[in-house]
Amino acid sequence: QVQLVESGGGLVQAGGSLRLSCAASGSIFRLNAMGWYRQAPGKQRELVALSITGGSTNYAESVKGRFTISRDNAKNTVLLQMNGLKPEDTGVYYCYCRFGVSDYWGQGTQVTVSS
């Protein structure tokens, strides 16, 4: 089993910054990808940023230039630095990891951006 523990959400004014952190533990092997998704009220879950092991990093168009994803592979952690936050960034942010061919999700952390 793999557990993902997220931290760093909260309430911030528009233009502010937050940093999300996710740590993976458990039966970890063949870490293929780590990233973040989000779900706004009444909307589907969407990709925010994804880091492919040994490969590319992908961002949603709406966050390019404002958000930065980074990983510490030795610690199995992934960070999301969010700058220039906008009210439309409000939602529940979920950590995502793919180990082997299995997908794992964190419990979600709320990010609220006030105007």
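The structure contained in this document is the topic of the report that follows. (Residues numbered from 1 in each chain as written. Predicted model: local features only at pLDDT ≥ 70, side-chain atom pairs only at ≥ 80, totals over all residues. Heavy atoms only, no water.)

## Structural notes on the pairing of strand 1 (residues 2-7)
Note the cut-off: Each residue is placed in one exposure class: buried if its accessible area under a 1.4 Å probe, protein chains only, is under 20% of its type's maximum, exposed if it is over 50%, and partly exposed if it falls in between. Elements are defined by DSSP. Helices are runs of H or I of four residues or more, strands are runs of E of two residues or more, and each kind is numbered from the N terminus. Pairing between strands is defined by DSSP: at least two bridges between the two strands are required.
Only one face of strand 1 is covered, namely the one carrying Val2, Leu4 and Glu6; the face carrying Gln3, Val5 and Ser7 has none of its residues buried. Relative to strand 3 (residues 18-26), strand 1 is paired through six bridges, and the arrangement is antiparallel. Looking at strand 3, one finds that leucine 4 is bridged to alanine 24.

## What to know about the nonpolar core
We apply this condition: Throughout, nonpolar core names a set of buried Ala, Val, Leu, Ile, Met, Phe, Trp, Tyr and Cys residues whose side chains join them through atoms within 4.5 Å. Residue contacts are defined here by distance: any two heavy atoms, one from each residue, within 4.5 Å place the two residues in contact.
Counting 26 residues, the largest nonpolar core has Trp36, Val48, Phe67, Leu80, Met82 and Tyr93 as its most contacted members. Breaking this core down by element, the ones donating at least two residues are strand 1, strand 3, strand 4 (31-39), strand 5 (46-52), strand 7 (67-72), strand 8 (77-82), strand 9 (91-99) and strand 11 (109-114). Ignoring anything within four residues of it in the chain, the contact list for valine 48 reads Trp36, Tyr37, Arg38, Asn58, Tyr59, Ala60, Val63, Phe67, Leu80 and Tyr93.

## As for the sheet that holds strand 1
Which entries qualify depends on this criterion: Helix axes use the C-alpha atoms of the stretch in contact, all axes being lines fitted to C-alpha atoms, and the angles between their N-to-C directions lie in the range 0 to 180 degrees.
Pairing within the open sheet is antiparallel, and its four strands lie in the order 1-3-8-7. Single-partner strands in this sheet number two, and they are strand 1 and strand 7. The average angle at which neighbouring strand axes cross in this sheet is 15°, direction not considered. Judged from the six bridges that link them, strand 3 and strand 8 form a sheet pairing that is antiparallel. Along strand 8, the bridge assignment pairs cysteine 22 with valine 78.

## Let's talk about the packing of aromatic side chains
To keep it simple, the criterion reads: Side-chain rings of Phe, Tyr and Trp (the six-membered ring for Trp) are treated as a pair once their centres are within 6.5 Å; stacked means planes under 30 degrees apart, edge-to-face means over 60, and tilted covers the remaining angles.
Tallying each qualifying case throughout the model produces four aromatic pairs. Ring geometry for tyrosine 37 versus tyrosine 96: centroids 5.6 Å apart, planes at 70°, classification edge-to-face. With a gap of 59 residues between them, tyrosine 37 in strand 4 and tyrosine 96 in strand 9 connect regions that are remote in the sequence. With relative accessibility at 18%, the residue tyrosine 37 sits in the buried group. When the ring of tyrosine 37 is compared with that of tryptophan 105, the centres are 5.0 Å apart and the planes differ by 70°; the resulting orientation is edge-to-face. Of this pair, tyrosine 37 sits in strand 4 while tryptophan 105 sits in strand 10 (residues 102-105), placing them 68 residues apart in sequence. Residue tryptophan 105 is classed as partly exposed on the basis of its relative accessible area, which comes to 37%.

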